[in-house]
Amino acid sequence: MPLPDDLDDLLARLRAAPPPADPARVAPALETRVLARIHAGNGTVWFWRWAGVFTLAAATCSFLVARSYVALADESLAALANDGSLVRGLF
Amino acid sequence: MAAGLEPAEDASDTPPAEPQIAAWIAATLEGDDAAFARLVHHFKDRVLRLVARFARNTHDLDEITQDVFVDAHRGLSRFRGDAPFEHWLCRIATRRCQDYLRRHYRRRWWSSLDELRDRGFDPAGEAGTADGRVELLRLALQRLHPDHQTVLTLLELQEYSIRETARLTGWSEANVKVRAHRARHALRAAMARLEKHGA
């Protein structure tokens, strides 16, 4: 395969050529756009933080409610077993 | 928020002194947006010049540059000041550009040619001209492995030294030399393929 022997020359031309992206069009008001992104990002972070707090609180409440129901059921079963009605009910 | 955050017009284009930068950083960490706007204002040209070598269009250049400054804002508390702020910022910019190159590498075979045609380049008609060969070289460069693109862009287009390239990429100097050698070989081969078979 023939290799181009003028690679250095071509690279020098590419270095001197304007890049496809134009920095002059990006520079104006870049500060404003960056700060808007930072504040939007902070908003997202806070949203997920609060979402996490609410999820944790909801899970804790569900666990406590479920545990109290289990305790009630446990007491009821124990009472039934003590007076023999549970065994009579089963057979 | 936008109003009033534009940096003062008296801010010169010469790089500010490190104590001034340290003061802006401290103010930013205390929540002063205007101080960070001044940092962006003073370093945006430097970052834009570097990122423009990697970005394929103005929209991507804008996106990457914004990402660089957002990353810098997030990581500002980790800036220890043992190297100039500009070096630290350019390292972030280089990392962001490498991420960008990796994303584009997966679809390199068709996207590069489409971008060339969008800019009005006709591979069949212009490949023999000097400008056409420069565009072909740009296309060949875009088809290289992201690490090869990075090392050639920094060394050949930005004209950084081996040491500066190593500092920006986090590679050892020996590693930069090896990658540069392989990248040049890969670029020659890609260029020869494009000239022989067309884009």
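This text follows the structure it describes.
Residues numbered from 1 in each chain as written. Chains lettered and ligands numbered in written order. Predicted model: local features only at pLDDT ≥ 70, side-chain atom pairs only at ≥ 80, totals over all residues. Heavy atoms only, no water.

## Some words on the overall build of chain A
Here is step 1: A tally of regular secondary structure across chain A gives 4 helices and 0 strands.
Here is step 2: Tracing chain A from N to C terminus, the helices and strands come up as α-α-α-α.
Here is step 3: With 91 residues in all, chain A has 18% of them scored as buried.
Here is step 4: For chain A, the exposed area adds up to about 6500 Å²; of that, 69% sits on carbon and sulfur atoms. (Helix = DSSP H or I, 4+ residues; strand = E, 2+ residues; numbered from the N terminus. Buried < 20%, exposed > 50% of the residue type's maximum accessible area, 1.4 Å probe, protein only. Areas by Shrake-Rupley, 256 points an atom, 1.4 Å probe, with all protein chains shown as cover.)

## Topic: the interface of chain B and chain A
Here is step 1: In this assembly, 46 residues from chain B lie in contact with 34 residues from chain A.
Here is step 2: The contact between chain B and chain A buries some 3900 Å² in all, and 68% of this surface belongs to carbon and sulfur atoms.
Here is step 3: Counting across the interface, chain B meets chain A through 6 salt bridges.
Here is step 4: Here Arg-15 of chain A and Glu-159 of chain B are joined by a salt bridge, their closest N and O atoms 3.6 Å apart. (Contact = heavy atoms within 4.5 Å. Buried area = accessible area lost by both parts, 1.4 Å probe. Salt bridge = Lys/Arg side-chain N within 4 Å of Asp/Glu carboxyl O.)

## Examining helix 3 (residues 58-75) of chain B
Residue and element names in this part refer to chain B.
Here is step 1: Spanning 18 residues, helix 3 covers 26 Å between terminal C-alpha atoms, matching the ideal 26 Å at 1.5 Å per step.
Here is step 2: Burial of helix 3 is extensive: 13 of the 18 residues sit out of reach of the surface.
Here is step 3: Sitting at the amino-terminal end of helix 3 is Asn-57, which places a side-chain oxygen 3.2 Å from the backbone nitrogen of His-59. (Expected span 1.5 Å × (residues − 1). Polar contact = N/O pair within 3.5 Å; in protein donor to acceptor, adjacent residues only side chain to side chain.)

## Quick look at the packing of aromatic side chains
Residues and elements named next belong to chain A.
Here is step 1: Taken as a whole and judged by the stated rule, the model has 6 aromatic pairs over all chains.
Here is step 2: Seen in terms of ring centroids, Trp-50 and Phe-54 are 6.2 Å apart; in terms of plane orientation they differ by 35°. Their pairing is tilted. Here Phe-54 and Trp-50 lie together in helix 3 (residues 30-82), a separation of 4 residues that amounts to about one turn.
Here is step 3: For Trp-50, a relative accessible area of 49% puts it in the partly exposed group.
Here is step 4: Residue Phe-54 is classed as exposed on the basis of its relative accessible area, which comes to 59%. (Phe/Tyr/Trp six-rings, centres within 6.5 Å; stacked < 30°, edge-to-face > 60°.)

## Considerations on helix 1 (residues 18-29) of chain B
Residue and element names in this part refer to chain B.
Here is step 1: Its 12 residues give helix 1 an end-to-end C-alpha distance of 16 Å, which sits within 8% of 16 Å, the value for a rise of 1.5 Å per residue.
Here is step 2: Those residues of helix 1 that fall on the buried side of the exposure criterion are Ile-21, Trp-24, Ile-25, Ala-27 and Thr-28. Each buried residue of helix 1 lies within a common arc of 165° when the element is viewed along its axis, so the set occupies one face.
Here is step 3: Residues of helix 1 that are buried sit in contact with helix 2 (33-52), helix 3 and helix 4 (85-105). (Arc of directions from axis to C-beta.)

## As for the pattern of salt bridges
Here is step 1: The final tally for this structure, using the stated rule, is 18 salt bridges over all chains.
Here is step 2: One salt bridge connects Arg-33 of chain A with Asp-62 of chain B, and the closest N-O pair in it is separated by 2.9 Å. Pair noted here: Arg-33 of chain A is in helix 3 and Asp-62 of chain B is in helix 3, and the two residues belong to different chains.
Here is step 3: Using a relative accessible area of 18% as the deciding quantity, one classes Asp-62 of chain B as buried.
Here is step 4: The shortest N-O distance in the salt bridge between Glu-156 of chain B and Arg-184 of chain B comes to 2.9 Å. Taken together, the positions of Glu-156 of chain B in helix 8 (residues 146-157) and Arg-184 of chain B in helix 10 (residues 173-197) put the pair 28 residues apart, joining distant regions of the chain.
Here is step 5: We classify Glu-156 of chain B as buried; its relative accessible area is 17%.
Here is step 6: Salt bridges sharing partners connect three or more residues here, namely Arg-37 of chain A together with Asp-67, Asp-71, Arg-74 and Arg-96 of chain B.

## Section: the nonpolar core
Across soluble globular proteins, nonpolar side chains have a tendency to be buried as a group.
Here is step 1: Of all hydrophobic cores here, the largest spans 44 residues; its most connected members are Phe-36, Leu-39, Leu-61, Phe-69, Phe-85 and Leu-89 of chain B.
Here is step 2: Elements that contribute at least two residues to this core include exactly helix 3 of chain A together with helix 1, helix 2, helix 3 and helix 4 of chain B.
Here is step 3: The element contributing the most residues to this core is helix 2 of chain B, with 11 residues.
Here is step 4: Excluding residues within four positions of it along the chain, Leu-39 of chain B makes contact with Ile-21, Trp-24, Ile-25, Thr-28 and Phe-85 of chain B.
Here is step 5: Within the second largest apolar cluster, 24 residues are counted, among which are Leu-11 and Leu-14 of chain A together with Val-134 and Leu-137 of chain B. (Core = buried A, V, L, I, M, F, W, Y, C linked by side-chain atoms within 4.5 Å.)

Any functional reading would require information that these geometric values do not contain.
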